[in-house]
Amino acid sequence: MESRTTATPDSAAIRADAGAAPSAPVGRTLIDIDHVDFYYGDNQALFDIDMKIEEKKVTAFIGPSGCGKSTLLRCLNRMNDLIDGTAVKRGQIRIRGTNIYGPDVDVIELRKRVGMVFQKSNPFPKSIYENITYGLRLQGVKDKSRLDEVVEKSLRGAALWDEVKDRLHASGLGLSGGQQQRLCIARAIAVEPDVILMDEPCSALDPISTSKVEELIHELKERFTIIIVTHNMQQAARCSDKTAFFYLGRLIEFDDTQTIFMNPTNAQTEAYVSGRFG
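These notes cover the structure that comes with them.

Thresholds, definitions, all that
Numbers given to residues run from 1 along each chain, matching the order in which its sequence is written. Local features are withheld for residues below a pLDDT of 70 in this predicted model, meaning they are given only at 70 or higher, and side-chain atom pairs are given and counted only at 80 or more; totals for whole chains, interfaces and linings count all residues. The side-chain values count all of the structure's non-hydrogen atoms but skip hydrogen atoms and water molecules. Accessibility here uses a 1.4 Å probe with only protein chains present; expressed as a share of the type maximum, an area under 20% marks a residue as buried, one over 50% as exposed, and anything in between as partly exposed. Helix numbers and strand numbers start at the N terminus; a helix is a DSSP run of H or I with at least 4 residues, a strand a run of E with at least 2. By definition, two strands form a pair when at least two bridges between them are found by DSSP. With the strands aimed away from the viewer, a crossover counts as right-handed if its path from the first strand over the helix to the second runs clockwise. Contacts are assigned to residue pairs that have any heavy atoms within 4.5 Å of one another. Each polar contact in these results corresponds to two N or O atoms within 3.5 Å; when the atoms are within protein, one needs to be able to donate a hydrogen and the other to accept it, and residues that are neighboring in sequence are counted only if both atoms are side-chain atoms. Centre distance within 6.5 Å is the pairing criterion for rings of Phe, Tyr and Trp, where only the six-membered ring of Trp is used; planes under 30 degrees apart are then read as stacked, over 60 as edge-to-face, and the remainder as tilted. Here, a charge over a ring is recorded when the distance from Lys NZ or Arg CZ to the ring centre is within 6 Å and its angle to the ring normal is within 35 degrees. To get an axis, a line is fitted to the C-alpha atoms, and for a helix only the part in contact is used. The angle between two axes follows their N-to-C directions and goes from 0 to 180 degrees.

## Section: the pairing of strand 7 (residues 195-199)
Residues in a regular strand point their side chains to alternate faces of the sheet. For strand 7, the tally of buried residues reaches five of five residues, placing the bulk of the element in the interior. With burial as the criterion, each face of strand 7 is covered, one bearing Val-195, Leu-197 and Asp-199 and the other bearing Ile-196 and Met-198. Sheet topology places strand 6 (residues 114-117) next to strand 7; four bridges connect them, and they run parallel. Across the sheet, Met-116 pairs through a bridge with Leu-197, a residue of strand 7. Summarising the sheet, strand 7 and strand 8 (residues 225-229) pair through five bridges and their orientation is parallel. Looking at strand 8, one finds that Leu-197 is bridged to Ile-227. The β-α-β motif built from strand 7, the intervening helix 8 (residues 207-220) and the parallel element strand 8 has right-handed crossover chirality.

## Observations regarding the environment of Asp-37
Following the sequence through the fold, Asp-37 ends up in strand 1 (residues 29-40). Residue Asp-37 is classed as buried on the basis of its relative accessible area, which comes to 12%. Residues Asp-37 and Gly-91, 54 residues apart in the sequence, show an inter-C-alpha distance of 6.6 Å. Once residues lying within four places of it in the same chain are set aside, the contact partners of Asp-37 are Gln-44, Leu-46, Phe-47, Asp-48, Ala-87, Val-88, Lys-89 and Arg-90. Of the polar contacts made by the side chain of Asp-37, one reaches the backbone nitrogen of Asp-48; its length is 2.6 Å. Within polar-contact distance, the side chain of Asp-37 engages the side chain of Arg-90 at 3.0 Å.

## A short note on the side chain of Glu-214
In this fold, Glu-214 is placed in helix 8. The buried category is assigned to Glu-214, whose relative accessible area is 11%. Of the polar contacts made by the side chain of Glu-214, one reaches the side chain of Gln-235; its length is 3.0 Å.

## Notes on the packing of aromatic side chains
Under the criterion given, the structure shown has four aromatic pairs. Arranged with centres 5.1 Å apart and planes meeting at 90°, the rings of Phe-38 and Tyr-40 form a pair that is edge-to-face. According to the relative accessible area criterion, Phe-38 is buried, its value standing at 1%. Positioned over the ring face of Tyr-39 is Lys-89, at 4.4 Å from the centre of the ring. Across the ring face of Phe-124, the terminal group of Arg-187 is positioned such that the distance to the ring centre comes to 4.0 Å.

## Let's talk about the sheet that holds strand 7
Read across the open sheet, the six strands follow the order 6-7-8-3-9-10; overall the sheet is mixed. Edge positions in the sheet fall to strand 6 and strand 10 (250-256), since each of these pairs with one other strand and no more. Strand-to-strand twist across the sheet, computed as the mean angle between neighbouring axes with direction ignored, equals 20°. As paired elements, strand 3 (residues 58-62) and strand 9 (residues 242-247) share four bridges and run parallel to each other. By the bridge assignment, Ala-60 is partnered in strand 9 with Thr-243. Contacting strand 6 and strand 7, helix 7 (residues 177-189) crosses the sheet at an angle of about 175° to strand 6.

This is the structure we're talking about:
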């Protein structure tokens, strides 16, 4: 993680500098986050988040620790529901036009459509093969030829097949850290989700493994919409098409990644990406 100074701008100044609404993408929208306020109990964590996320693009969420980027990420597959007292108290999050917080939404089905890869790799204590087929078996898929096909396709998609094809029935816990993270990505894509959420997926990896995961992200956007939370500015610049900068629970600026890093419109965005605070 890059080193930064601890000086931080005044939050009121940030809100003043924000001015007009952050820029919106112009491609086909998959996720529409519509003026969302989110709370942990009585504590408001997200304030009036309004943004549209494009289909089959990589969107990076950046900002200092505690700014709300991981909270927003977990709102997109309702992982925050697992924490008592959390609530979206205003606004909607729509995926393909459906409000995912609507009363008729099946949260299990939602999480099939919106997969997640966590900061620390978390393969199941099962074989590599069983890790990949777990979600399909939950859906009732039993045909071995179908399962075999998906295992190979998913592992190839995660750039892991050549490394593990001769030990598919060995424990996934026996893989290296980078391999385990790619196994988790393979497990996520096996059920063909619409969206893959990645919460600092490379923070625990060495540079070589990080490079492999970043290459994988670039390849996977041909098939999936990817949202990545990262503290690594270089990683956001390398991997993403769009970047959103958050501070103190607010979306400060959202634009093409090149614009955010080379010509941001907001002074606080420029200060953060250049390393003057954070």
